[in-house]
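One-letter residues, chain by chain:
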Amino acid sequence: LIVATDRIGEDYRQSFVTTLLFCLMLTVLALLVMYFLARQIASPITSLALAAEQIAKEDMIAFATEVSQVAQGDLTRRIEVVRREIKADAGGEVGRMAASFGLMQDKLAEVAEAFNKMSGGLRQIVLQVQQASDEVAAGSDAVAQASTRAVRTSESTVSAVETITSTIHEMN
């Protein structure tokens, strides 16, 4: 009976250790699965957050600077939008958020293109006004020169008339 009790105690300890090791292995396996699932979920969100930060901190500041330069008269400015690809193969909310982010980037690119067209159109108008102004200035110079010639001709005519008048008075 003593041998049987010792054997039962030994079997119990061995079963306890085996169960404890099995539970520990299951816990480690569950933690690994949770870690990889969390990375799969967090990776697209992190990618979206980084792209949004880059747009807010770089692209929008550059956009505002270019618009300000055009407002100050520099019509040579252009806006380039770099589309950032977001790795979001996930479905559900994360996938919809990534798709919405892509749509936002497309619309931002459309705004930039419209700005570039507007700036180019304004540049063409300013060039046309400048050319017209140059033509008016050239015409004004021509009128001034013609006026100067007319004044000289009038002065010559007045001088000739005075000479004739004086000659006529002397003859009388």
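Residues numbered from 1 in each chain as written. Predicted model: local features only at pLDDT ≥ 70, side-chain atom pairs only at ≥ 80, totals over all residues. Heavy atoms only, no water.

## A word on the overall build of the protein
Helix and strand content of the protein: 2 helices and 0 strands. Since a compact globule built from 172 residues should have a radius of gyration of about 16 Å, the 45 Å found for the protein marks it as more spread out than a globular shape. With respect to the three principal axes, the spread of C-alpha positions in the protein is 180 × 20 × 15 Å. Within the protein, the fraction of its 172 residues that count as buried is 15%. A separation of at least 24 residues holds for 74% of the contacts in the protein among residues at least 6 apart in sequence. (Helix = DSSP H or I, 4+ residues; strand = E, 2+ residues; numbered from the N terminus. Rg over C-alpha atoms; globule rule 2.2 N^0.38 Å. Buried < 20%, exposed > 50% of the residue type's maximum accessible area, 1.4 Å probe, protein only. Contact = heavy atoms within 4.5 Å.)

## Observations regarding the side chain of Gln105
Mapped onto the elements of the fold, Gln105 is located in helix α2 (residues 92–171). The exposure class of Gln105 is buried, given its relative accessible area of 3%. In contact with Gln105, not counting residues within four places along its chain, are Ile55, Val81, Val82, Arg83 and Arg84.

## Let's talk about the packing of aromatic side chains
Within this structure, the stated rule accounts for 3 aromatic pairs. Considering the side-chain rings of Tyr35 and Phe36, the 5.3 Å spacing of their centres and the 70 degrees angle between planes classify their relative orientation as edge-to-face. A relative accessible area of 52% means that Phe36 is categorised as exposed. Relative to Phe115, the ring of Phe63 lies with its centre 6.3 Å away and its plane at 50 degrees, an arrangement referred to as tilted. Pair noted here: Phe63 is in helix α1 (residues 2–71) and Phe115 is in helix α2, with a separation of 52 residues, a long-range link. Taking relative accessible area as the criterion, Phe63 reaches 17% and is therefore assigned buried. Residue Phe115 is classed as buried on the basis of its relative accessible area of 8%. (Phe/Tyr/Trp six-rings, centres within 6.5 Å; stacked < 30°, edge-to-face > 60°.)

## With respect to the pattern of salt bridges
The tally for this structure, following the rule as stated, stands at 5 salt bridges. A salt bridge links Arg13 to Glu10; its shortest N-O distance comes to 3.5 Å. You can see Arg13 and its partner Glu10 sitting in helix α1, 3 residues apart, about one turn around the helix. Linking Arg77 and Glu66 is a salt bridge whose minimum nitrogen-to-oxygen distance equals 2.8 Å. (Salt bridge = Lys/Arg side-chain N within 4 Å of Asp/Glu carboxyl O.)

## Observations regarding the nonpolar core
Buried together is how nonpolar side chains tend to be arranged in soluble globular proteins. Counting residues in hydrophobic clusters, the biggest one holds 7 residues: Leu48, Ala51, Ile55, Ile86, Ala98, Phe101 and Leu108. Those elements giving two or more residues to this core turn out to be α1 and α2. Residues Val70, Leu75, Ala112 and Phe115 belong to the second largest nonpolar core, which totals 6 residues. (Core = buried A, V, L, I, M, F, W, Y, C linked by side-chain atoms within 4.5 Å.)

## Quick word on a nonpolar patch on the surface
A cluster of nonpolar side chains, contributed by Tyr12, Phe16, Val17, Leu20, Leu21, Leu24, Val28, Leu32, Tyr35 and Phe36, occupies part of the molecular surface with about 1100 Å² of accessible area. Relative to the helices and strands, Phe16 is located in helix α1. Given the relative accessible area of 49%, Phe16 is considered partly exposed. (Patch = residues over 30% accessible without salt bridge, like charges linked within 9 Å, V, L, I, M, F, W, Y side chains within 5 Å. Areas by Shrake-Rupley, 256 points an atom, 1.4 Å probe, with all protein chains shown as cover.)

## Structural notes on α2
The terminal C-alpha atoms of α2 lie 117 Å apart, and with 80 residues this matches the ideal 118 Å at 1.5 Å per residue to within 8%. All of the buried residues in α2 are Val94, Gly95, Ala98, Phe101, Gly102, Gln105, Leu108, Ala112, Phe115, Asn116, Ser119 and Gly120. (Expected span 1.5 Å × (residues − 1).)

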